[in-house]
Amino acid sequence: MMLFRTLNTILSMSLIITLAGCSENSNDAPNSKYSTGLGETTAVTTYNYDEVIPENIVFQEELSSNVEPPAGLEDLTFIDTAGEKVALKDLLGKKNVVLIFTQGFYGTLCPYCTTQTARLIANYEKFQELETEILVVYPGEKSHLDEFIEAARKTEKKQVETVPFPILLDENLVAVDFFDIRSQIAHPSTYVLDKQGNVLLAYVGKDHTNDRPSVNRILESLKTAN
């Protein structure tokens, strides 16, 4: 009987240790992994944005598409800040479209996202000349949306009164999951479409810093459509 109890105790302790080890290394732990949209999974990184100087941020001039967007892209719909529905199919056929996903708010405001938006604002006339509309998607809860817009209005040259293109909401992350870009809300991503809905550039950044196309790179991709 004593031998049986000893063996039972050893087996129980082994089971507890095994389960503890599984829990510690589980990939299902909240926020421990994210999908990059690049067919791989990467550990979540927490960024310290306190020392980032917007004027010193340099986005990527030399990059090519690194993802293949899923079929049905033209059927996506969003809600703008006025509560109005914005459907991609209502724009396609009339204009080229630059669809950009920001990180959203994950405990802090991403200066790379606000700077990217500010530079799009500052160069909006160049996009208009190419018959292009810009759509910036702010995913997740909109509690810090006003703060995001305020920061984006401070371009490197001036403070603009309004953002000249729609800021869209994806509160339930439907579009984020459609593109498979969840990561601290969403991966910064850029999709450039011509008027027929053909994808001219599709780029998902590997991190939440400057790994995204510059304004010049986006304009360059659009010139091939015109």
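Residues numbered from 1 in each chain as written. Predicted model: local features only at pLDDT ≥ 70, side-chain atom pairs only at ≥ 80, totals over all residues. Heavy atoms only, no water.

The next point concerns the packing of aromatic side chains. By the definition in use, this model includes seven aromatic pairs. Ring centres of Phe101 and Phe179 lie 5.4 Å apart, and the angle between their planes is 70 degrees; this geometry places the pair in the edge-to-face category. Residue Phe101 is found in strand β5 (residues 96-101), and its partner Phe179 is found in helix α6 (residues 174-179); the two are separated by 78 residues along the sequence. Assessed through its relative accessible area of 0%, Phe101 is described here as buried. The interplanar angle of 85 degrees and the centroid separation of 5.1 Å between the aromatic rings of Phe178 and Phe179 together place this pair among those described as edge-to-face. Judged by its relative accessible area of 26%, Phe178 is partly exposed. Of the aromatic side chains, those joined through ring pairs into one cluster are Phe78, Phe101, Phe178, Phe179 and Tyr191. (Phe/Tyr/Trp six-rings, centres within 6.5 Å; stacked < 30°, edge-to-face > 60°. Helix = DSSP H or I, 4+ residues; strand = E, 2+ residues; numbered from the N terminus. Buried < 20%, exposed > 50% of the residue type's maximum accessible area, 1.4 Å probe, protein only.)

So, on to the state of the cysteines. Working definition: the covalent bond between the sulfur atoms of two cysteines is a disulfide. Summed over all chains, the structure comprises zero disulfides. Its sulfur unpaired, Cys110 is 3.2 Å from the next cysteine sulfur, which belongs to Cys113. Residue classification places Cys110 among the buried positions, given a relative accessible area of 3%. (Disulfide = S-S within 2.5 Å.)

A few words on the pairing of strand β7 (residues 167-170). Along β7, one buried face is formed by Ile167 and Leu169 and the opposite face, lined by Leu168 and Asp170, is buried too. Of the strand pairs in this sheet, strand β3 (residues 77-80) and β7 are connected by two bridges, and their pairing is antiparallel. Within the sheet, the bridge partner assigned to Asp80 lies in β7 and is Leu168. Sheet topology note: the strand β6 (residues 132-139)/β7 ladder contains four bridges and is parallel. What sits directly across from Pro139, in β7, is Asp170. A crossover connection joins β6 to the parallel β7 through helix α5 (residues 145-152); in handedness this β-α-β unit is right-handed. (Pairing = 2+ DSSP bridges. Right-handed = clockwise from strand over helix to strand, strands pointing away.)

On the surface, Lys126, Lys157, Lys158 and Lys223 cluster together into a positively charged patch. Mapped onto the elements of the fold, Lys158 is located in the loop between α5 and β7. By relative accessible area, Lys158 is classed as exposed at 57%. (Patch = residues over 30% accessible without salt bridge, like charges linked within 9 Å, V, L, I, M, F, W, Y side chains within 5 Å. Areas by Shrake-Rupley, 256 points an atom, 1.4 Å probe, with all protein chains shown as cover. Salt bridge = Lys/Arg side-chain N within 4 Å of Asp/Glu carboxyl O. Lys, Arg positive; Asp, Glu negative; His and termini not counted. Charge placed at Lys NZ, Arg CZ, Asp CG, Glu CD.)

Pairing is mixed in the open sheet, where seven strands are placed in the order β4-β3-β7-β6-β5-β8-β9. What marks the edges here is a single partner per strand, and that holds for β4 (85-87) and β9 (199-204). Pairs of neighbouring strands in the sheet enclose a mean axial angle of 30 degrees, with direction left out of account. The strands that helix α3 (residues 111-122) touches are β5, β6, β7 and β8 (189-193); relative to β6, the one it contacts most, it runs at about 160 degrees. (Axes fitted to C-alpha atoms, helices over the stretch in contact; angles between N-to-C directions. Contact = heavy atoms within 4.5 Å.)

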